[in-house]
Amino acid sequence: MEVLSVEDLRVKLEGREVLKGVNFSLKKGEKVFITGPNGAGKTTFLETLMGFVPFEGEILFKGKHLKSEDDFALLRGRVGYVFQNPDDQLFAPTVEEELAFAPLVKGIKREQVKEIVERTLREFEIKHLRNKPTYKLSGGEKRIVSVACVVTMDPEVILLDEPTTGLDRNKWEKLVEFFERTGSSLVVVTHDTKLMERLGWKRYVMEDGKLCSA
Amino acid sequence: MDTATEGEKVETPLNGEGLLSRLDPRVKIVLFLVLAWTVALAGNLLQVFVFLPLALLFYSTAYRKTTTILKLLLFADFFLLFVVLTQLFLGSPYEGILIFFKSTVIVLFSLLLLTTSSVFDLLHALHHLKVPNKLLQITFFFYRYLFTVREQLQLAEKSAKSRGFIPKTSIQTYKTYAYFMGNLLLKSYFKSENVYKALISRGFKGYFPVFRHFELRKLDILFSLFTIIYWGVAVWKFYL
Amino acid sequence: MHISEGVLPGWCLITGWVLTSAGLYVGLRSINGRKIPRTALLSAVFFVASLIHVPIGVTSVHLLLNGLAGALLGWAVFPALFVALLFQALLFQFGGITVLGVNTFNMAFPGVVAYYVVRPLLRKGTTGSLIAAGVLAALIGVFLAATFVSAELMSIGSSFTKTAELAFLAHIPVAAIEMVINSFVFLYLKKSGIPLEV
C-alpha cells in the first residue's frame, strides 16, 4: 500500500522553477535514497512534501489529497522531517525536552512520554546527554538528537535531509543500524555513497527539478 | 506569525518610490518633524485639514503604491481603529473624527517623507542630525540582524510544525512559544558575542565610517522652501 | 499596545519624550563594548517575538514582553525598546514618531521596575523562584503599561473614559499569557546555562 505519493509536482520559488513535474511514490515500510547535485531541488522536494512550500500538482498521504494547511497539519503528526541543519531544527532547552516535544504535542500522557523518551535515549545510546543543553552538543550529537526527536513522534514516514553529514564512524554505524531496524518508511536525501552501498535501497536521482530512478 | 517568503528583505515600505525618494533624507526628516508635530498639536479639524492638500500632494508622487499606502493607513493600526470606534460610539464622535484625520495626515507624512528612503539612508541621516552614536550603533545592529532573527523563528516554527505542533489555547502552546523565544535569546546572545569579536578584531572603535556623503541639491532646496512656506502660511492663518 | 499618532495632546507627547530621553540617557550609559551588539540583537528578538499571533480562545493577541525584556536588560531596556518601537513605526506604521517618546516610556519604564523586583528571584534560581519571577515580570510589565496607556487616554478628556477602560481590560489576557511564557523562558535560560543577566 502506498503511504505517500506525488503526481506531477511543480514548485516555483522566486520566479525559478525548482521542481518541474515530479512523480514519486512510497510504499508502507519502503526505504529509498534520493541523490543528485546541489541545487537540484532535493530539499525543496522534502519541504514541499511537508506542506511548507506552495506547489502545483498532487500530494497524497494514504490516498488522501493534501491541499490546505489543515490537510498538512494532519500529515505532519505522522510524517517526520529531519532538517539538513540540526541547529535549525533543535529549539528546546535540553535533549530530554527536545525528545519529549513531539509526544507532548500529540497529547500523550506524561508518564507515557517519559517512557518513550527513555526508550529513545537508550535506542540511540544518548542517555548521558539527557540534560545537556542542545546548543552544547557536538555536531554529530546534534544530528543524532535531531533524528531521535523525530523518532519519538512514532512517525509512519521519516524524511531525512543529509542525515550522515559530519558523523564519526561510531555514530554513523548507529544511525545505519537504526535505518535497518525501523519500521517507518524512509526517504533519505544523501550524497553518502558508502551509505547507499551498504543499505542497497532503491535510488532516485534528482536532477534539475526532475526525479528519476537510478 | 507573519510568514514572509524567504530571502525577502526587511525594508521601508516605499523605499525608492517616486520623486520624494530622491531627496536628501536629512531634509525629509527635519521637514517631517516640523509637519508631524504641527499636526499632532492641532486642536480642531480645520487645523488638520489645512495640511491635507500637502499630504495628498506628497501622496501623488507615489500614487503607484496606492494599495500599499491604503493598507498601512487603514489596517496597520488596530489601536487607531479601536480609539476611533470607541469615540464614535461611546465617547465624543468629534474627537474620533479629529483623531482619525490627525493620524491619517501624520502617517501620510511619515510614509512619504520617511519611508521613501531606505533604512540605511535614514540611519545615516540621523547620524548627521546628531543622534547619539551609541543609539545609532544599536539601531544599526538591530537592523543588520533583524532578518536573521526572524528567519531563526520561522525555522523553529517549521521544526515544531513538522513534529505535529498546532497553535491553540493551551499551556503546551504557550510553552512552545516560550521555547521559541528562549531559543532566539540564546542564539542571539551567542551571535552578539561573535559580532563583537569580529568587530574588535577589525579594530572597531565605536563608530561607523561613512563612505557616501549627502549633498544638498537644488531639488532639496526648492522642496524645503515650498514646504516651509506652505507650513508658515498654514500656521499663520489657522494656528495663531 | 502602542498609541497611534494624533491621539494624545501635545503636553503628553512632550512629557513622553522628556522621560524617554532620561531613560535613554541612563540606559545608554550602562551599555558599552559587547553590550552594544547584545542589546541590539535582544531588541531584535523582542521585536520579532512581539509579532507572533498567540492564540487565545477564538482570537489571538500580540505580546508586550516588556517585563521579560526589562528583567533581562535592566536600564538597557530603554534603548532596546526604543529601537524596536522606532522600527515598528517605520516599517509598519504601528505607533509613530511623535508618540515614540510616550510609547517607549509606557513599555520600558515598567520593564525597569520589573528588573528591580525580579532580579533577586532570578539570582536565587530555583524553579519556584523563576516561575515567581516570570509571573511578576508579566504582571508588572503588562499592568503598569496598561495603567500608563489608560491614564494617558483619560488625560485627553472625559469622553475617553470608556476608551481607557477598554484599553486596560484588553491587557488582561496578554498578562495571563505572558505569566506562562515568561516563566518558561526563565526556566529555559536556566536549563541552557545562559547567564540570566544579559
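Calculation notes
- Residues numbered from 1 in each chain as written.
- Chains lettered and ligands numbered in written order.
- Predicted model: local features only at pLDDT ≥ 70, side-chain atom pairs only at ≥ 80, totals over all residues.
- Heavy atoms only, no water.
- Helix = DSSP H or I, 4+ residues; strand = E, 2+ residues; numbered from the N terminus.
- Rg over C-alpha atoms; globule rule 2.2 N^0.38 Å.
- Buried < 20%, exposed > 50% of the residue type's maximum accessible area, 1.4 Å probe, protein only.
- Areas by Shrake-Rupley, 256 points an atom, 1.4 Å probe, with all protein chains shown as cover.
- Lys, Arg positive; Asp, Glu negative; His and termini not counted.
- Charge placed at Lys NZ, Arg CZ, Asp CG, Glu CD.
- Pairing = 2+ DSSP bridges.
- Contact = heavy atoms within 4.5 Å.
- Axes fitted to C-alpha atoms, helices over the stretch in contact; angles between N-to-C directions.
- Buried area = accessible area lost by both parts, 1.4 Å probe.
- Salt bridge = Lys/Arg side-chain N within 4 Å of Asp/Glu carboxyl O.
- Domains from an automatic or database assignment.
- Polar contact = N/O pair within 3.5 Å; in protein donor to acceptor, adjacent residues only side chain to side chain.
- pLDDT = per-residue confidence, 0-100.
- Core = buried A, V, L, I, M, F, W, Y, C linked by side-chain atoms within 4.5 Å.
- Phe/Tyr/Trp six-rings, centres within 6.5 Å; stacked < 30°, edge-to-face > 60°.
- Lys NZ or Arg CZ within 6 Å of the ring centre and 35° of its normal.
- Parallel < 35°, antiparallel > 145°, perpendicular 65-115°, else oblique.
- Nonpolar A, V, L, I, M, F, W, Y, C, P; charged D, E, K, R; others polar.

Colleague: Give me the lowdown on the overall build of chain A, citing residues and values where you can.
Modeller: When its secondary structure is counted, chain A shows eight helices and 10 strands. Radius of gyration (C-alpha) of chain A: 17 Å, near the 17 Å computed for a compact globule of 214 residues. If one aligns the C-alpha atoms of chain A with their principal axes, the spans along those axes are about 45 × 40 × 35 Å. Buried positions account for 58% of the 214 residues belonging to chain A. Accessible surface computed for chain A: about 9,400 Å², of which carbon and sulfur atoms make up 46%. Between the centroid of the 34 positive side chains of chain A and the centroid of its 35 negative side chains there is a distance of 3 Å.

Colleague: Give me the lowdown on the sheet that holds strand 4 (residues 56-61) of chain A, citing residues and values where you can.
Modeller: Residue and element names in this part refer to chain A. Strand order across the open sheet formed by four strands is 2-1-4-5, with antiparallel pairing between neighbours. Each edge of the open sheet carries a strand with a single partner, namely strand 2 (16-27) and strand 5 (64-65). Strand direction decides the pairing type here: strand 4 and strand 5, joined by two bridges, are antiparallel. Residue pairing in the sheet places phenylalanine 61 in a bridge with lysine 64 of strand 5. Sheet contacts for helix 1 (residues 42-49): strand 1 (2-13), strand 2 and strand 4; angle to strand 1, the most-contacted strand, approximately 120°.

Colleague: Quick one: what's the story with the environment of leucine 13 of chain A, residue by residue and with numbers?
Modeller: Residues and elements named next belong to chain A. Residue placement: leucine 13 occurs in strand 1. On the basis of relative accessible area, leucine 13 is assigned to the partly exposed category, the value being 34%. The sequence separation of leucine 13 and threonine 44 amounts to 31 residues, and the corresponding C-alpha distance is 9.3 Å. For leucine 13, the residues in contact, after removing those within four places along its chain, are Val18, Thr44 and Val53.

Colleague: Requested: an account of the interface of chain C and chain B, with residues and values cited.
Modeller: Tallying the contact residues gives 78 residues for chain C and 73 residues for chain B. Buried area between chain C and chain B, both sides added, is near 6,600 Å², and the carbon and sulfur share of it is 79%. Counting the surface chain C buries against chain B, the share from its top three residues, Leu41, Gln93 and Tyr188 of chain C, is 10%. The tally of links between chain C and chain B comes to two salt bridges.

Colleague: Describe the domain arrangement of chain A, naming the residues involved and giving the relevant values.
Modeller: Residue and element names in this part refer to chain A. When its domains are assigned, chain A resolves into domain 1 (1-78 + 157-168 + 184-214) and domain 2 (85-154). If you average the C-alpha positions of domain 1 and of domain 2, the two centres end up 24 Å apart. When residues of domain 1 are sorted by the area they lose upon contact with domain 2, Gly77, Ile158 and Leu167 head the list and together hold 48% of the total. Put simply, domain 1 and domain 2 have two residue pairs in polar contact (both at pLDDT 80 or more) between them. The dominant element in the side of domain 1 that touches domain 2, judged by the number of residues it contributes, is strand 7 (residues 157-161), at three residues.

Colleague: Describe the interface of chain A and chain C, listing the residues and the values that go with them.
Modeller: When the parts of a complex come together, some accessible area is lost, and that lost area is often used as the size of the interface. With eight residues of chain A in contact, the opposing surface of chain C contributes five residues. With both sides pooled, the region where chain A packs onto chain C buries about 480 Å², and carbon together with sulfur makes up 51% of that total. Looking only at chain A, the three residues that lose the most surface to chain C are Pro93, Glu97 and Tyr135 of chain A, adding up to 64% of its buried area. At the boundary of chain A with chain C, the tally comes to one salt bridge.

Colleague: Account for the sheet that holds strand 3 (residues 31-35) of chain A, with residues named and values stated.
Modeller: Sheet strands associate in pairs through backbone hydrogen bonding, adopting either a parallel or an antiparallel arrangement. Residues and elements named next belong to chain A. The strand order across the open sheet built from six strands is 6-7-8-3-9-10, with neighbouring strands paired in mixed fashion. At either margin of the open sheet sits one strand with a lone partner, and together these are strand 6 (79-82) and strand 10 (210-213). In this sheet, neighbouring strand axes are inclined to one another by 20° on average, regardless of whether the strands run parallel or antiparallel. Summarising the sheet, strand 9 (residues 202-207) and strand 10 pair through four bridges and their orientation is antiparallel. Its bridge partner being in strand 10, tyrosine 204 is matched across the sheet by serine 213. Running over the sheet, helix 7 (residues 169-181) touches strand 3, strand 7 and strand 8 (185-189) and is turned about 130° from strand 3.

Colleague: Lay out the confidence of the model for chain B with the relevant residues and their values.
Modeller: Of all residues in chain B, 92% attain a pLDDT of 70 or more, and the chain-wide mean is 90. Both scores are given for the predicted complex: the pTM is 0.92, the ipTM 0.95.

Colleague: Summarise the nonpolar core; cite the residues concerned and give the values.
Modeller: Phe109 of chain B together with Phe186 of chain C are the most contacted members of the largest nonpolar core, which totals 154 residues. Filtering out sequence-adjacent residues up to four positions away, phenylalanine 109 of chain B remains in contact with Phe32, Leu35, Val39, Phe51, Leu54, Ala55, Phe58 and Leu114 of chain B.

Colleague: Run through the pairing of strand 2 of chain A, naming residues and quoting values.
Modeller: Residues and elements named next belong to chain A. For strand 1 and strand 2, the ladder comprises nine bridges, and the chain directions are antiparallel. Following the sheet pairing, glutamate 2 is matched in strand 2 by lysine 27. Linking two consecutive strands that pair antiparallel, namely strand 1 and strand 2, is a turn of two residues; a positive phi of about 50° is found at glutamate 14 within it.

Colleague: I'd love a proper account of the side chain of threonine 152 of chain A, names of residues and values included.
Modeller: Checked against the element boundaries, threonine 152 of chain A lands in the loop between helix 6 (139-151) and strand 7. For threonine 152 of chain A, the contacting residues outside a window of four places in its chain are Leu99, Ala102, Pro103, Ile116 and Thr120 of chain A.

Colleague: Go over the packing of aromatic side chains with me, naming the residues and quoting the values.
Modeller: A full pass over the atoms with the stated rule returns 40 aromatic pairs over all chains. Measuring from ring centre to ring centre gives 5.5 Å for phenylalanine 24 of chain A and phenylalanine 45 of chain A, while their planes differ by 85°; the resulting arrangement is edge-to-face. Note that phenylalanine 24 of chain A is positioned in strand 2 and phenylalanine 45 of chain A in helix 1, a separation of 21 residues in sequence. Taking the relative accessible area as the measure of exposure, phenylalanine 24 of chain A reaches 4% and is therefore buried. Given the relative accessible area of 0%, phenylalanine 45 of chain A is considered buried. The side chain of lysine 194 of chain A reaches across the aromatic face of tryptophan 172 of chain A, ending 4.7 Å from its centre. Above the plane of the ring of tryptophan 236 of chain B lies lysine 237 of chain B, whose end atom (NZ or CZ) is 4.4 Å from the centre.

Colleague: Give me the pattern of salt bridges: which residues, what numbers.
Modeller: Any two side chains of opposite charge can pair, on the condition that their charged atoms come close. One pass over the structure, following the stated rule, counts 25 salt bridges over all chains. A salt bridge links arginine 26 of chain B to aspartate 24 of chain B, with the nearest nitrogen and oxygen atoms 2.6 Å apart. Where arginine 34 of chain C meets glutamate 193 of chain B, a salt bridge forms, and the shortest distance between an N and an O atom there is 2.4 Å. Taken together, the residues arginine 34 of chain C in the loop between helix 1 (10-29) and helix 2 (35-49) and glutamate 193 of chain B in helix 9 (residues 171-201) connect one chain to another. Of the residues examined, glutamate 193 of chain B reaches a relative accessible area of 13% and is grouped as buried.

Colleague: Report on the packing of helix 8 (residues 133-161) of chain B against helix 1 of chain C, specifying residues and quantitative values.
Modeller: Running from amino to carboxyl end, helix 8 of chain B crosses helix 1 of chain C at an angle of 80°, the nearest separation of the two axes being 10 Å. Considering their axes alone, helix 8 of chain B and helix 1 of chain C lie roughly perpendicular with respect to each other. Two secondary-structure elements touch here, helix 8 of chain B through Lys134, Leu135 and Ile138 of chain B and helix 1 of chain C through Leu24, Leu28 and Arg29 of chain C. Considering only residue class, the contact of helix 8 of chain B with helix 1 of chain C consists of four nonpolar, no polar and two charged.

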